[in-house]
Each structure stands twice: as C-alpha cells, then as structure tokens.
Amino acid sequence: MRYVVSGTGVLTYSAAIVGGFARTLHANRPDVQFVIAPGSFAAGRIGVLENEPGISCGVWQMRPESRGHVHIRSKDVAASPMIAPSYLTNELDRNTMVEGLRIGRKIFAQPEIARFIVDETVPGRAVESDEALLQYVRKNGSTVYHAVGTCRMGEDPMSVVDSELRVRVRGMTGLRIVDASVMPTITSTNTNATVLMLAERAAQIIRSPQAVGVANQRSTKTV
Ligand SMILES: Cc1cc2nc3c(=O)[nH]c(=O)nc-3n(C[C@H](O)[C@H](O)[C@H](O)COP(=O)(O)OP(=O)(O)OC[C@H]3O[C@@H](n4cnc5c(N)ncnc54)[C@H](O)[C@@H]3O)c2cc1C
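Asker: Quick one: what's the story with the site of the ligand, residue by residue and with numbers?
Answerer: Around the ligand, a shell composed of Y145, H146, D179, A180, N190, T191, N192 and V195 is seen. Between the ligand and N190, the relevant distance is 3.5 Å, taken from a nitrogen atom to a side-chain nitrogen or oxygen of the residue. In this structure, an oxygen atom belonging to the ligand sits 2.7 Å away from a side-chain N or O atom of T191. In terms of residue class, the shell around the ligand is made up of three nonpolar, four polar and one charged.

Okay, here's the thing in structure tokens:
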C-alpha cells in the first residue's frame, strides 16, 4: 500500500542493493562478484522466498575457465539447439566457487552485521568442507546470464569472426556478427556495457571509408 500510495518503501528497491568484488587465493585481482539482496531466497529456486525473513548473498566467478558448447541438433531452424554449459568442469572454477562461498560467510561474520544474524539457512552451517560446499554449488548453482563466446573473435582457425567482426565462413562475405557471442571470454563483470561498446566499435568499422568501398565494389560485382 505504501508503494501504491506514495511510491516509497521497500518495493522501490532493486532486487540486489549491495554489490561487491573480492579476490580469492586463486587470483591476483578480483575474481568473484557478490550481490546481496534484502530477501531470503529459497535454495536453488529463482524468485521464490523462504518463509523466514532474511538476507541473501549470491556469489559468482568473474572469469570462469570451464567451456561449454551450443550445437544445432537438426536442419529444422525452429528446433532448439543443444546447450551444454559444462559448468565447473575446470578445477580453478571449482576452487574459486568454494572459496567465494567462504568469503560470503566471512562478510556475514563481521561484527557489524553478525549481530543481526540468527542462523544461516542456506546452505547451512553444517555444510563446511570443500566437498560439501562444492556439492551445494553443483546442485543449486545457476547462471548470472552472461553467456558469451559462441561465435568468438580471434585469428586462429577455430574462431568464428575476425578482429573486424567479419564471419569466416567459406563462400560467405559481407556478414558481420555484433553481439555478446563474439567475446572470446566473459568480461570481468556484467556483459551489457561491453555489448554496447562492441556495437559502437562495429558502427565505426562498418562506416569506415575502407569498409564502405569494399561494400560498393561487391554490389557493383553483384549487379
Ligand atoms: C535475466 C538477465 C539479466 C541480466 N542482467 C544484466 C545486468 O544487470 N547487467 C549487465 O551488464 N548484463 C546483464 N545481463 C546480460 C546482458 O543482458 C547480455 O549480455 C546482453 O543483453 C547481450 O546482448 P546481445 O546483443 O548479445 O543479445 P540480446 O540482448 O539477447 O539481443 C538479441 C536480440 O536478438 C533478437 N533475436 C533473437 N532471435 C532473433 C531472430 N531469429 N530474428 C530477429 N531477432 C532475433 C532478440 O529478440 C534480441 O532483441 C542480463 C541478462 C539476462 C538474461
């Protein structure tokens, strides 16, 4: 009612009101990111709250090494592709996530916040060993929606686009890809700003006199 009447109060907050970066023992620069939300999210369920009031802390690795793949399954363009994220297949990723969870616990153990904490419901204090924490991550972990790299940029034979975003497919010219799929790796943080910068750079490349000249030559040939 407060939100409806005055547009103020807790419903005006974003889902996560605290963000932070930290460095685990496995990196020499920040490699995990945190969000902290004023709600007790149920384990492994998106958008569902627990019955107890509380606070949730989510952690993710910023530059994972595990590599998944996306493959077409049929010639039917409407058929869904097979998406295999292959999370946690790399040992560094497993170690980083386990330590990331421990850093989250350290934050909540600081006196300023610890005095408000009654208990840890998820994963729960009993989940303590590296194996148990990893098992929790495997079972309940989800995505932060920063998928990249299915058409990665590079100069090697396995790359899909070159440094000017041109598709390297035999017999195909004049096609560029401009989106998150060309990023060879996930950026250190959220991907949206990088997509915008990619688009700005692509516009420069496409409008450059050189590119326009090539396009004109091609259309003359086609005619
Ligand atoms: C739930 C969620 C939350 C996110 N939160 C953040 C965040 O807080 N901060 C951040 O930086 N990043 C965030 N991201 C990541 C960010 O949104 C993406 O990295 C970015 O939008 C990717 O841009 P893109 O252009 O590659 O793809 P998209 O933004 O997905 O654009 C693809 C476009 O292609 C269109 N399309 C698809 N198929 C066809 C077709 N056959 N024909 C024509 N058009 C088609 C789609 O409708 C869409 O408009 C979030 C992503 C998700 C899913």
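Asker: I'd love a proper account of the domain arrangement of the chain, names of residues and values included.
Answerer: Each domain of the chain was delimited in the assignment, giving domain 1 (2–64 + 87–140) and domain 2 (146–223). Computed from C-alpha coordinates alone, the two centres of domain 1 and domain 2 are separated by 36 Å. Opposite the seven residues of domain 1 that make contact, domain 2 presents six residues. Carbon and sulfur atoms supply 44% of the area buried between domain 1 and domain 2, which totals about 410 Å² over both sides. Seen at the junction of domain 1 and domain 2, the total is zero salt bridges. Our count for the domain 1 to domain 2 interface comes out at three residue pairs in polar contact (both at pLDDT 80 or more). A class-by-class count of the residues in the side of domain 1 that touches domain 2 yields four nonpolar, one polar and two charged.

Asker: Run through the nonpolar core, naming residues and quoting values.
Answerer: Counting residues in each nonpolar core, the largest one holds 13 residues, and the members touching the most others are V32, F34 and V59. Of all the elements, helix α2 (residues 91–109) adds the most residues to this core, at four residues. Ignoring any residue separated from it by four or fewer positions in sequence, one finds V59 in contact with V32, Q33, F34, M97, G100 and L101.

Asker: Describe the pairing of strand β2 (residues 32–37), listing the residues and the values that go with them.
Answerer: Residues in a regular strand point their side chains to alternate faces of the sheet. Most of β2 sits out of view: five of its six residues are buried. Bridging between β2 and strand β3 (residues 56–61) involves six bridges; their strand directions are antiparallel. Looking across to β3, one finds that V35 is bridged to G58.

Asker: Please provide a residue-by-residue account of unusual backbone geometry, values included.
Answerer: Cis geometry marks the peptide bond from V122 to P123; its omega dihedral reads -5 degrees. Structurally, P123 is set in the loop between α3 (111–114) and α4 (130–140). Even without being a glycine, L88 presents a positive backbone phi close to 60 degrees. Summarising the element assignment, L88 is placed in the loop between β5 (82–84) and α2.

Asker: Can you explain the side chain of E120? Please cite residues and give values.
Answerer: With respect to the helices, strands and loops of the structure, E120 is situated in the loop between α3 and α4. Here R105 takes part through its side chain, which lies 2.8 Å from a polar atom of the side chain of E120. A polar contact of 3.0 Å, which involves the side chain of E120, links it to the backbone nitrogen of G124. Setting aside anything within four residues of it in sequence, one finds E120 in contact with R105 and R125.

Asker: Can you explain the confidence of the model for the chain? Please cite residues and give values.
Answerer: Averaged over the chain, the pLDDT score is 90; the fraction of residues at 70 or greater is 95%. The element-level mean pLDDT for the chain is lowest in helix α6 (residues 209–222), coming to 61, with α2 highest at 97.

Asker: Before we move on, can you summarise the side chain of D93 with the specific residues and values?
Answerer: Here D93 lies in helix α2. R67 provides the closest opposite charge to the buried, salt-bridge-free D93, at an N-O distance of 6.3 Å. Among the polar contacts made by the side chain of D93, one reaches the side chain of S66 at a distance of 2.6 Å. Dropping the residues within four chain positions of it, D93 is found in contact with Q61, P64, E65, S66 and L88.

Rules behind the numbers
- Residues numbered from 1 in each chain as written.
- Predicted model: local features only at pLDDT ≥ 70, side-chain atom pairs only at ≥ 80, totals over all residues.
- Heavy atoms only, no water.
- Near = heavy atom within 4 Å.
- Polar contact = N/O pair within 3.5 Å; in protein donor to acceptor, adjacent residues only side chain to side chain.
- Nonpolar A, V, L, I, M, F, W, Y, C, P; charged D, E, K, R; others polar.
- Domains from an automatic or database assignment.
- Contact = heavy atoms within 4.5 Å.
- Buried area = accessible area lost by both parts, 1.4 Å probe.
- Salt bridge = Lys/Arg side-chain N within 4 Å of Asp/Glu carboxyl O.
- Core = buried A, V, L, I, M, F, W, Y, C linked by side-chain atoms within 4.5 Å.
- Buried < 20%, exposed > 50% of the residue type's maximum accessible area, 1.4 Å probe, protein only.
- Helix = DSSP H or I, 4+ residues; strand = E, 2+ residues; numbered from the N terminus.
- Pairing = 2+ DSSP bridges.
- pLDDT = per-residue confidence, 0-100.
- Lys, Arg positive; Asp, Glu negative; His and termini not counted.

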